[in-house]
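# Reading the structure
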Amino acid sequence: MNYYLKADKFFYSYHTQGPGYLEIIDGKFGAWMEEAPTDVEIKDYSGKWIAPGLVDTHIHGFGGADSQDADVEGIMHTMSEGLLSAGVTSFLPSPLTDSHEGLLKCCEVIGNHYEETTGAKVRGIFFEGPFFTEEHKGAQNPKYMRDAEMWEIEDWQKAAKGLLKKVGLAPERVGSEDFIRKATMAGVKIALGHSNATYKQAVSGIEAGATIWIHTFNGMSGLNHNEPGMVGAILNTPNTYAELICDGHHVRPEAIEIVVKMKGADHVVLVTDSMRAAGLPDGPYMLGEYEVEVRDGAAWLPTGRPAASVLKLKTAVKNLVDWGIASPEEAIMMASLTPAKSVGIDDVCGQIKSGYEADFIVLDSELNLEATYLNGEKSYSVHIK
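Keep in mind the model is a prediction, meaning the values are calculated, not measured.

## Here's the deal with the overall build of the protein
A count of helical and extended segments in the protein gives 10 helices and 22 strands. Relative to the compact-globule value of 21 Å for 385 residues, the protein shows a C-alpha radius of gyration of 20 Å, a close match. Taken along the three principal axes of its C-alpha coordinates, the protein extends 65 × 45 × 45 Å. Burial status across the protein gives 59% buried among its 385 residues. Within the protein, residue pairs in contact and separated by at least 24 positions form 68% of the contacts whose partners lie at least 6 positions apart.

Laid out in structure tokens, this is it:
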């Protein structure tokens, strides 16, 4: 199917174009131009904005399905299709801390079936654990937490057919620096978090090769004038990527603003960290082995602390703009190109670029989602229930 998109604004990687026309050729992006040729099909989105499909690199579940279930139907259909309503066209299913065998099963299911998605595309896997510390376990089971070993990564990666893109780790654990060096050389991105590390330990992890920080502020040692901790290390390592959950519950907007100012839109990664309850009504749900209560736009542990979120990535983008923290261009970059770059998948998604698969979203001028396209075909519309 070949046609031209007409819209007021097109969000490219580092600039915007428009008003004008964008060519779609055989499901891929073509050239942008001010005027379209005559006698061609035009999809008229006058007054609307066209942005790259959003990329969620830290997401547990959606619509009742969860990565931890290692269920083909749940991940490849329920979760994948549901994410289109969040503006997401690419994602990394993200299992929690578990036994070696439990995570191996997740790898086998995703590795064997990732091409069967009927909605958002699986671009890899993120293991949020098991190499964490109990002090900041969050809603994860500490009985599975352990020191990192390369044999586990090799075993998982083989089962995943190379899809294991990112692994979480607490840098104070024994042998972490050596593991980070080896894992990085093997092509796995290391993300630091769920950690009580000192500033020195955190920076040592970065120097060994880690490049990402898991949900900044949440589940980590804070900044203090005598001990800057993990948060201090995040703010003082400009070439690293900082995840942020922008739901208004996990991190206050003022704290988000500080990180965005310090890191820039090219090094802040908007993530949802959402669980199976995302897209569903309030009520009790299971997050891994723990029961949480979903209410008021978040998932809460019995202790009263927030657990994984029920955030949609499109909402995180809109929140940043509505809070006055970022421009639409910056917010969209933090939910598309920057996350794709952080895990090395920007060669296949995260930007409007000639020759890339035409995965994109249609927004109004208030950043409300109108439609989601995959390979140039409309796969979700807010007007079709």
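## A few points about the packing of helix α2 (residues 100-113) against helix α3 (residues 150-159)
Their axes nearest at 7 Å, the elements α2 and α3 cross at an angle of 30 degrees. Taken together, α2 and α3 sit at an angle that is classed as roughly parallel. Only Trp151, Glu152, Asp155, Trp156 and Ala159 of α3 make contact with α2, whose side of the interface consists of His100, Leu103, Leu104, Cys107, Glu108 and Gly111.

## So, the packing of helix α4 (residues 176-185) against helix α5 (residues 199-208)
Here α4 crosses α5 at 25 degrees, and the two axes come no closer than 8 Å. It follows from the interaxial angle that α4 and α5 lie roughly parallel. Read as a crossing pair, α4 and α5 show a hand that is right-handed. On α5, the residues that touch Glu177, Ile180 and Arg181 of α4 are Ser204, Gly205 and Ala208. In terms of residue class, the contact of α4 with α5 is made up of two nonpolar, two polar and two charged.

## With respect to the sheet that holds strand β13 (residues 189-192)
Pairing is parallel across the open sheet formed by six strands, whose spatial order is β11-β12-β13-β14-β15-β16. The sheet is open, and its two borders are formed by β11 (125-131) and β16 (268-271), each paired with just one other strand. Here two bridges tie β13 to strand β14 (residues 212-213), and the two strands are oriented parallel to one another. Across the sheet, residue Leu192 finds its bridge partner in β14, namely Trp213. Helix-sheet contacts for helix α7 (residues 253-263) involve β15 (241-245) and β16, and the interaxial angle to β15 is about 160 degrees.

## Overview of the environment of Gly138
Looking at the secondary structure, you find Gly138 in the loop between β11 and α3. Residues Gly138 and Ile361 lie 223 residues apart in sequence; the distance between their C-alpha atoms is 33 Å.

## With respect to unusual backbone geometry
Going from Gly18 to Pro19, the amide bond is cis rather than trans, its omega being 0 degrees. By secondary structure assignment, the location of Pro19 is in the loop between β2 (16-17) and β3 (20-25). Look at the link from Gly129 to Pro130: it is a cis peptide, with omega at 15 degrees. By secondary structure assignment, the location of Pro130 is in strand β11. Its identity is not glycine, yet Ala70 carries a phi of approximately 50 degrees, on the positive side. Judged by its relative accessible area of 10%, Ala70 is buried. At Asp296, a residue that is not glycine, the phi angle is positive and equals roughly 55 degrees. Looking at the element boundaries, Asp296 is found in the loop between β18 (290-295) and β19 (298-300). Look at Asp296 and you get exposed, because its relative accessible area is 58%.

Conventions and cut-offs
- Residues numbered from 1 in each chain as written.
- Predicted model: local features only at pLDDT ≥ 70, side-chain atom pairs only at ≥ 80, totals over all residues.
- Heavy atoms only, no water.
- Helix = DSSP H or I, 4+ residues; strand = E, 2+ residues; numbered from the N terminus.
- Rg over C-alpha atoms; globule rule 2.2 N^0.38 Å.
- Buried < 20%, exposed > 50% of the residue type's maximum accessible area, 1.4 Å probe, protein only.
- Contact = heavy atoms within 4.5 Å.
- Axes fitted to C-alpha atoms, helices over the stretch in contact; angles between N-to-C directions.
- Parallel < 35°, antiparallel > 145°, perpendicular 65-115°, else oblique.
- Left-handed = near helix turned anticlockwise from the far one by under 90°.
- Nonpolar A, V, L, I, M, F, W, Y, C, P; charged D, E, K, R; others polar.
- Pairing = 2+ DSSP bridges.

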